[in-house]
Amino acid sequence: MIHSLFIINNSGDIFMEKHYKSVIHRNICDYFFEALAKCAKPEDIPAVISTPHHKLIVIYRKKLFFVSVVVNEVSPLFVIEILHRAVDIFEDYFNDCTEFTLKENFVIVYELLDEMLDNGFPLATESNILKELIKPPNIFRKVANMVTGDSNLSSTLPTVQLSNIPWRRQGIKYTNNEAYFDCIEEIDAIIDKNGSTIMCEVQGYIDCCVKLSGMPDLTLCFTNPRLLDDVSFHPCVRFKRWESEKILSFVPPDGNFRLISYHIESLNSVSIPIYLKHNIQFKEGSNGRFEVTFGLRPGLGKSVENVQLNAEMPKCVLNMSLTPTQGRYTFDAVKKTLVWEIGRIDPSKIPSIRGNITVSNGCSLPESNPPLHLNFQVNQFAISGIKFGRLDVYGEKYKPFKGVKYLTRAGKIQVRT
């Protein structure tokens, strides 16, 4: 399946590699660098890159490229899921997944890659199993290992390896029993120049932090479960119960995990929380005009925060002299990118930015105006309308503390001008 794995930073340095079968020379990554050179942004790298004798399957996360080399026929989505799971495990162990943290925990990273994949095939990908095999690093354990010469590898096999609930170990005890659920939704939309929504989709997921003693059995109900149609579940969810009753029934893993991911499309009844009024003009031999005004949709009832506008201006633009009523703006004359950081929008003071565009003489004007890209987030608000009903705990006598948080943020929102 996975023959080799290369981890590459943004500078193009291969700082870590793992070979599960025969060694493949890192020159194979030249095909990856050629594909990367054709991309405007690192996120645009193709997921599958063909070479004469191999296939490269790539993901980009935490400003790192994870490049896997496969030789035989394999499902690309399966490999992509394994790579994402590896990044999630690194984040769980080291609280982050950066070049520095991976180099700092070099030995543990290789131990994890050895246990997760056996001869290139997935073996142990559950965090609870791995933590029984390889102890997470901490300062005291590092000092003890330096003195005694021991390693983080456990001398006994994990007890849950042969269990029918491999994601949760036995004998878990907490002084305070807590269960927190975060419902996070990202909006992808295209808005035409008249302000009408051409396309709108919501990518959502529910992240959990469950710290409960014993072996609890949870049921989670929604007030409007019919909204959830295209759903992906964690292995702990009983799928038949969901199919028949639209109730999530599961024995949760210990700690942080993603319970479900869902995709909702054709949201004709959903409106973007903010809207734009824009006027962009280019004039040959003289200054052009750039005007953008933000507005809040009526009846939102929530504050919109971390608002930011991005635009990639045409090559004929030399400079932009703008005056914002709120926040600050920067214009990169080399990359021709405009970034306006607004922050929180006050309903009583609508932010706007206007000014002149300096256009070079003799340069052909663009055929169309550049699109604008939006970023924002709204706390305690789910744009799809999904709401939690109730959470019940069976199999244990305690009553845990429960908490729910909603968050809506912009994914890829393009406003055509």
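Things to note about the overall build of the chain
A tally of regular secondary structure across the chain gives seven helices and 23 strands. Once the C-alpha set of the chain is aligned to its principal axes, its extents read approximately 75 × 55 × 45 Å. Within the chain, counting contacts between residues at least 6 apart in sequence, those at least 24 apart form 68% of the total. Carbon and sulfur atoms make up 49% of the accessible area of the chain, which amounts to about 21900 Å² in all. Of the side-chain charges in the chain, 47 are positive and 46 negative, and the distance between the mean point of each set is 5 Å.

Concerning the pattern of salt bridges
In this structure the tally under the stated criterion is 16 salt bridges. Across the pair arginine 61 and glutamate 91 runs a salt bridge, and its minimum N-O distance is 3.5 Å. Of this pair, arginine 61 sits in strand E4 (residues 55-61) while glutamate 91 sits in helix H2 (residues 76-94), and the two are 30 residues apart along the sequence. A salt bridge links arginine 169 to aspartate 254; the shortest N-O distance between them is 3.7 Å. Residue arginine 169 is found in the loop between helix H6 (139-148) and strand E8 (178-191), and its partner aspartate 254 is found in the loop between strand E12 (248-250) and strand E13 (255-265); the two are separated by 85 residues along the sequence.

So, the packing of aromatic side chains
Each pair of aromatic rings is reported with the distance of its centres and the angle of its planes. Following the criterion strictly, the structure yields 14 aromatic pairs and no others. A centroid spacing of 6.3 Å and a plane angle of 20° characterise the contact between phenylalanine 90 and phenylalanine 94, whose relative ring orientation is stacked. Taken as a pair, phenylalanine 90 and phenylalanine 94 lie in helix H2 at a separation of four residues, close to a single helical turn. On the basis of relative accessibility, which here comes to 1%, the residue phenylalanine 90 falls in the buried class. Consider the rings of phenylalanine 233 and tryptophan 242, whose centres lie 5.7 Å apart with planes at 65°: the pair is edge-to-face. Stacked on the ring of tyrosine 20, the Lys or Arg lysine 18 has its end atom at 5.5 Å from the ring centre. Positioned above the aromatic ring of tyrosine 205, the side-chain terminus of arginine 258 is 3.7 Å from the ring centre.

Let's talk about the state of the cysteines
Counted according to the given criterion, the structure contains zero disulfides. Distance from the sulfur of cysteine 97, which forms no disulfide, to the nearest cysteine sulfur (cysteine 29) is 17 Å. Exposure remark for cysteine 97: the relative accessible area of 0% places this residue in the buried category.

Let's talk about the pairing of strand E15 (residues 288-296)
In terms of strand pairing, strand E14 (residues 274-281) meets E15 through eight bridges, oriented antiparallel. Of the residues in E15, the one forming a bridge with glutamine 281 is arginine 289. Note that E15 and strand E20 (residues 352-359) share six bridges and pair antiparallel. Residue pairing for E20: arginine 289 is matched across the bridge by asparagine 356.

Overview of the nonpolar core
Ranked by internal contacts, the top residues of the largest apolar core, which has 73 residues, are Phe250, Leu259, Phe294 and Phe376. Among the elements that line this core, the one with the most residues is E8, at six residues.

Digging into the packing of H2 against helix H4 (residues 106-116)
Where H2 meets H4, the axes come as close as 11 Å, and the angle between the chain directions of the two elements is 135°. Considering their axes alone, H2 and H4 lie oblique with respect to each other. When the axes of H2 and H4 are compared, the crossing they make is right-handed. Residues Arg85, Ala86, Ile89, Phe90, Tyr93 and Phe94 of H2 pack against Ile108, Val109, Leu112, Leu113 and Met116 of H4.

Digging into the sheet that holds strand E10 (residues 217-222)
Spatial strand order, E12-E10-E22: three strands in an open sheet with antiparallel pairing. Bordering the open sheet on either side are E12 and strand E22 (388-394), each of which pairs with just one other strand. Strand-to-strand, the axes of this sheet are offset by a mean angle of 10°, without reference to chain direction. In this structure, E10 lies alongside E22, joined through five bridges in antiparallel fashion. Of the residues in E22, the one forming a bridge with aspartate 217 is tyrosine 394.

Observations regarding H2
Taking 1.5 Å per residue as the helical rise, H2 with its 19 residues ought to reach 27 Å, and the 27 Å between its terminal C-alpha atoms agrees with that figure. Taken as a whole, H2 has its buried residues at Val79, Ile80, Ile82, Leu83, Ala86, Val87, Ile89, Phe90, Tyr93 and Phe94. At the exit of H2 stands asparagine 95, carrying a positive phi of roughly 65°.

Regarding the sheet that holds E8
In any sheet, the strands associate via hydrogen bonds between backbone groups, in a parallel or an antiparallel arrangement. Spatial ordering of the open sheet is given by E11-E13-E9-E8-E23-E21-E16-E19-E18, a layout of nine strands whose pairing is mixed. Of all the strands in the sheet, just strand E11 (230-233) and strand E18 (328-332) have a single pairing partner and so form its edges. Sheet twist, expressed as the average angle between the axes of neighbouring strands with direction ignored, equals 15°. As paired strands, strand E16 (residues 304-312) and strand E19 (residues 337-343) are joined by six bridges and run antiparallel to one another. Residue pairing across strands places glutamate 312 opposite threonine 337, the latter belonging to E19.

What counts, and at which threshold
Residues numbered from 1 in each chain as written. Predicted model: local features only at pLDDT ≥ 70, side-chain atom pairs only at ≥ 80, totals over all residues. Heavy atoms only, no water. Helix = DSSP H or I, 4+ residues; strand = E, 2+ residues; numbered from the N terminus. Contact = heavy atoms within 4.5 Å. Areas by Shrake-Rupley, 256 points an atom, 1.4 Å probe, with all protein chains shown as cover. Lys, Arg positive; Asp, Glu negative; His and termini not counted. Charge placed at Lys NZ, Arg CZ, Asp CG, Glu CD. Salt bridge = Lys/Arg side-chain N within 4 Å of Asp/Glu carboxyl O. Phe/Tyr/Trp six-rings, centres within 6.5 Å; stacked < 30°, edge-to-face > 60°. Buried < 20%, exposed > 50% of the residue type's maximum accessible area, 1.4 Å probe, protein only. Lys NZ or Arg CZ within 6 Å of the ring centre and 35° of its normal. Disulfide = S-S within 2.5 Å. Pairing = 2+ DSSP bridges. Core = buried A, V, L, I, M, F, W, Y, C linked by side-chain atoms within 4.5 Å. Axes fitted to C-alpha atoms, helices over the stretch in contact; angles between N-to-C directions. Parallel < 35°, antiparallel > 145°, perpendicular 65-115°, else oblique. Left-handed = near helix turned anticlockwise from the far one by under 90°. Expected span 1.5 Å × (residues − 1).

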